[in-house]
Amino acid sequence: MIKKFVLLAVVASYLSACTTTDPYTGEQKVSNTAGGAALGALGGALVGVAVGGGGHGKRNAALIGAGIGALAGGAIGNYMDQQEAELRAQLEGTGISVTRNGDNIILNMPSNITFDVDQDAVKPGFYPTLNSVAIVLRKFNRTLIDVNGHTDSTGSLQHNQDLSQRRALSVADYLGGQGIDQRRVSAVGFGPSQPVASNASEAGRAQNRRVEIQIAPITQG
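Residues numbered from 1 in each chain as written. Predicted model: local features only at pLDDT ≥ 70, side-chain atom pairs only at ≥ 80, totals over all residues. Heavy atoms only, no water.

Student: I tried to follow the layout of surface pockets on my own but got confused; where do I start?
Tutor: To locate leftover empty space, one rolls a probe as large as a water molecule over the atoms. Approximately 260 Å³ is the volume found for the second largest pocket. Along its surface, the second largest pocket is lined by 16 residues, and V117, D118, L163, R167 and R209 are the ones closest to its centre. Mapped by element, the contributors of at least two residues to the lining of the second largest pocket are α5 (111–114) and α7 (157–177). At four residues, the largest contribution of residues to the lining of the second largest pocket is made by α7. (1 Å grid on protein atoms, 1.4 Å probe; cavity = no way out; pocket = protein on both sides within 12 Å on 5 of 7 lines; lining within 4 Å. Points joined across faces, edges and corners; volume = space filled by probe spheres on them. Helix = DSSP H or I, 4+ residues; strand = E, 2+ residues; numbered from the N terminus.)

Have a look at this one:
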């Protein structure tokens, strides 16, 4: 599934090379270089996909092939430190937690502030918060972005899987509308398979209903 969304992200980024319209406001957000430059970058990206490893490896290779520099050595930690600090400043008081795990950053978005019950459309009141996330992700563009949807175990497995996938895609699509290069992004639903708390209590189920954005550095390896 990850491979599917990586490839779709690469293709989609070039089908919309001239203009990108924000799906929530109708405003034009990005105007990328079209013509020969776009075709050349596309060629580099597709070569990267062909030779890269699975998961992050293919996106790393695609972006490096398109001319985005990789991070290495001590520069990785410094780059992620700066990004973490700016995310914490932007997201203070929003209800989104910022967690550091080695060189990765995880943003945890509880579903109650992001979506209405059993819905996959991002709440309009949450747009400003996602805009703040997008500001930092645009600035620190040498990172990969995994948008992962999760649910509790209430209801059928298929319903929860579908809901988590749609929610992850909604967040990824919104970020794309704010100018995030979709080649950087993967959107995957995990349903109830990765709980962070017990589903035996309402408090635990509430913690499990979430969308996580995991941010990792672009590296050669």
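This is not the end of the story, as more comes after the structure.
Student: How do you make sense of the sheet that holds strand β5 (residues 143–150) when you look at a structure like this?
Tutor: Working definition: the strands of a sheet are paired by backbone hydrogen bonds and lie parallel or antiparallel to each other. Strand order in the open sheet formed by five strands is β3-β4-β7-β5-β6, and the pairing between neighbours is mixed. The open sheet has two edge strands with one neighbour each: β3 (97–101) and β6 (185–189). Direction aside, the axes of adjacent strands within the sheet are offset by 20° on average. Here α7 sits on the sheet and contacts β5, β6 and β7 (210–217); the angle it forms with β6, its principal contact strand, is near 160°. (Pairing = 2+ DSSP bridges. Axes fitted to C-alpha atoms, helices over the stretch in contact; angles between N-to-C directions. Contact = heavy atoms within 4.5 Å.)

Student: Is there a simple way to explain the environment of A66 in this structure?
Tutor: With respect to the helices and strands, the residue A66 is situated in the loop between α3 (56–65) and α4 (74–91). For A66 and R183, which are 117 residues apart along the polypeptide, the C-alpha to C-alpha distance reads 9.9 Å.

Student: What is the right way to look at the pairing of β7 in this model?
Tutor: The side chains of a regular strand alternate between both faces of the sheet. Taking burial as the measure, the eight residues of β7 include seven buried ones, the bulk of the element. Examined bridge by bridge, β5 and β7 share eight bridges and lie antiparallel to one another. Directly across from V147, in β7, lies its bridge partner I213. (Buried < 20%, exposed > 50% of the residue type's maximum accessible area, 1.4 Å probe, protein only.)

Student: Which parts of the structure should I look at to understand the nonpolar core?
Tutor: Nonpolar side chains tend to gather and get buried jointly when the protein is soluble and globular. L107, V147, V171, L175 and I213 are the most contacted members of the largest nonpolar core, which has 34 residues in total. Every element with two or more residues in this core is listed here: α4, β4 (104–110), α6 (127–139), β5, α7, β6 and β7. In terms of residue count, α6 provides more of this core than any other element does, six residues in total. (Core = buried A, V, L, I, M, F, W, Y, C linked by side-chain atoms within 4.5 Å.)

Student: It is not clear to me how the environment of S170 should be interpreted in this structure. Could you clarify?
Tutor: Structurally, S170 can be placed in helix α7. Given a relative accessible area of 12%, S170 falls into the buried group. With 48 residues separating them in the primary sequence, S170 and V122 have C-alpha atoms 6.6 Å apart.

Student: Looking at this structure, how should I read the packing of α4 against α6?
Tutor: Angle between the axes and distance between the axes are the two parameters that describe a pair of packed helices. Here α4 crosses α6 at 160°, and the two axes come no closer than 10 Å. Taken together, α4 and α6 sit at an angle that is classed as roughly antiparallel. Where α4 crosses over α6, the handedness of that crossing is right-handed. Contacts between α4 and α6 involve Y79, Q83, E86, L87, Q90 and L91 on the former and, on the latter, T129, S132, V133, I135, V136, L137 and K139. Here the residues of the contact of α4 with α6 sort into seven nonpolar, four polar and two charged. (Parallel < 35°, antiparallel > 145°, perpendicular 65-115°, else oblique. Left-handed = near helix turned anticlockwise from the far one by under 90°. Nonpolar A, V, L, I, M, F, W, Y, C, P; charged D, E, K, R; others polar.)

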